[in-house]
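# Breakdown of the fold
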Amino acid sequence: MNASSLESEVRSYSRNWPVVFDRARGSRLHDRDGRAHLDFFAGAGALNYGHNHPVLKRALLDYLERDGVTHSLDMLTAAKEDFLTEFGARVLAPRRLDYRVQFPGPTGTNSVEAALKLARKVTGRQTVVAFTGAFHGMSLGSLAVTGNASKRAGAGVPLGHTWRLPYDGFAGGQVSGLKLLDSMLADRSSGLDLPAAVIVETVQGEGGVNPAGPAWLADLAELCDRRGILLVVDDVQMGCGRTGPFFSFEVAGITPDIVCLSKSLSGYGLPMALTLFRTELDVWQPGEHNGTFRGNNPAFVTAAAALREFWADSALEKQTEVRGALFDERLGELAERYAAHVSAHRGRGLAWGLAFRDAPVARRVADAAFARGLLVETSGSEDEVVKLLPPLTAGDDELAEGLDLLGEAVAATVG
Ligand code: PMP
């Protein structure tokens, strides 16, 4: 029996990229047949600093060499202490953020589960407001607030206590979800009870790279504040510098009550997640939300090294913003040239999407990119958007090469 027939039918990426990947460095993955692939997928946002970054690798190897603790549940270890010190000093303090840090479990969905549970516990209310196009994870609580019905299909249990509202730009911006929510809550005849929380991505990644406008995000924060609803920002995919600043919500000048982080936190593709919340929301009782893998010390080691390496100043943030302008320009040219097939290009920082009018064309473009040595994935409710998430650390030449290859793939598909 070969490996791919042993793996469940649920596998996805291995179908689109039918090679065996073996080594990876920086922005390139190498397959077993010796072919190099330029990685504009970056672990779905888990590899903002590229593959096997030498500084992070050194920190990890040194830690393993000295028999550093690897698994520790939530015991205090030197690696955890170092990470927390760096996170406080380099991420929270400069932004004047007064958050407590919870280690909710290894992945993004664990962070969302903790956030929803905490919001419900703090407020004593049940409903969570989520948006069209949202993606928050595959476990049941996070799945309940995920928009795409095909992802929720087959969950086998009722996924309740969620209201869905139009995200910024939904239906061409014709419908304002925020005004609707506000007026419904103001009118008792609506029968709506106050929700516990609103959960939002500032740029929807899986939903098709939809950036919410900073003004819309500020309005959302104001509405939540005025009505006493907790605002949860799911920064699992767009955090850790993907859109420029460390937290993607910084663009709107807002301070969420609760923040979910994961993916690129460890900087090395190692599972790690955090849930951050305002200090006064820390109503957890000891052991009330635990899990075996809250203490992935190798991830703490690379995460602390990544904070020292990339977040000691604002150089990476500024570089990402400049590169965002380059992507805007280059993808804008493609959108114009192939306007009959491309409906939009959109993004922020180094998260970009090229939306196609006909969903299967997006898949064909991604396949044509793969054939040319570029890894890109599709996203969006119909998988109609080619999503670009290059490592933030890619060289200018690599970014230009990837954009050229994408251009060739589009030309070969619809030119
Ligand atoms: N939230 C967002 C915004 C995500 O993009 C993802 C993963 N794509 C998740 C949550 C879930 O993270 P994980 O797959 O690590 O559980």
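Going by the structure above, here's the rest.
A quick note: this is a predicted structure, and the numbers were derived from the prediction, not measured.

## Overview of the side chain of K387
With respect to the helices and strands, K387 occurs in strand β17 (residues 385-388). According to the relative accessible area criterion, K387 is buried, its value standing at 3%. At 2.6 Å, the side chain of K387 forms a polar contact with the side chain of Q237. Leaving out residues up to four positions away in the same chain, K387 has contacts with F40, G205, E206, V209, Q237, W352, V376, E377, T378 and S379.

## Digging into the site of the ligand
Residues in close proximity to the ligand include T107, G108, T109, F135, H136, G137, E201, E206, D234, V236, Q237 and K263, which together make up its full environment. Taking T107, its side chain carries an N or O atom lying 3.0 Å from an oxygen atom of the ligand. Here an oxygen atom of the ligand sits 2.9 Å away from a polar atom, N or O, in the main chain of G108. Looking at the shell around the ligand, its residues break down into two nonpolar, six polar and four charged.

## Quick word on the nonpolar core
The biggest cluster of nonpolar side chains holds 87 residues, and the ones touching the most others in it are F83, F87, F247, L261 and L406. Looking at this core, the element that brings in the most residues is helix α11 (residues 297-310), giving nine residues. Sequence-distant contacts of F87, that is, excluding residues within four places in its chain, are made with L92, V101, F246, F247, L261, L265, L274, L276 and L307. Formed by 19 residues, the second largest nonpolar core is a distinct cluster that contains V112, V128, A130 and V232.

## What about the pattern of salt bridges?
Within this structure, the stated rule accounts for 21 salt bridges. A salt bridge links R278 to E280; the shortest N-O distance between them is 2.2 Å. Residue R278 is classed as partly exposed on the basis of its relative accessible area of 23%. With a shortest N-O distance of 2.6 Å, R330 and D404 are connected by a salt bridge. Of this pair, R330 sits in helix α12 (residues 315-337) while D404 sits in helix α14 (residues 396-414), and the two are 74 residues apart along the sequence. Among the residues examined, R330 registers a relative accessible area of 22% and is labelled partly exposed. Ionic contacts of the salt-bridge type, sharing partners, join the residues D82, E86, R90 and R308 into one network.

Rules and cut-offs
- Residues numbered from 1 in each chain as written.
- Predicted model: local features only at pLDDT ≥ 70, side-chain atom pairs only at ≥ 80, totals over all residues.
- Heavy atoms only, no water.
- Helix = DSSP H or I, 4+ residues; strand = E, 2+ residues; numbered from the N terminus.
- Buried < 20%, exposed > 50% of the residue type's maximum accessible area, 1.4 Å probe, protein only.
- Polar contact = N/O pair within 3.5 Å; in protein donor to acceptor, adjacent residues only side chain to side chain.
- Contact = heavy atoms within 4.5 Å.
- Near = heavy atom within 4 Å.
- Nonpolar A, V, L, I, M, F, W, Y, C, P; charged D, E, K, R; others polar.
- Core = buried A, V, L, I, M, F, W, Y, C linked by side-chain atoms within 4.5 Å.
- Salt bridge = Lys/Arg side-chain N within 4 Å of Asp/Glu carboxyl O.

Interpretation note: all reported values are geometric properties and have no functional meaning in isolation.
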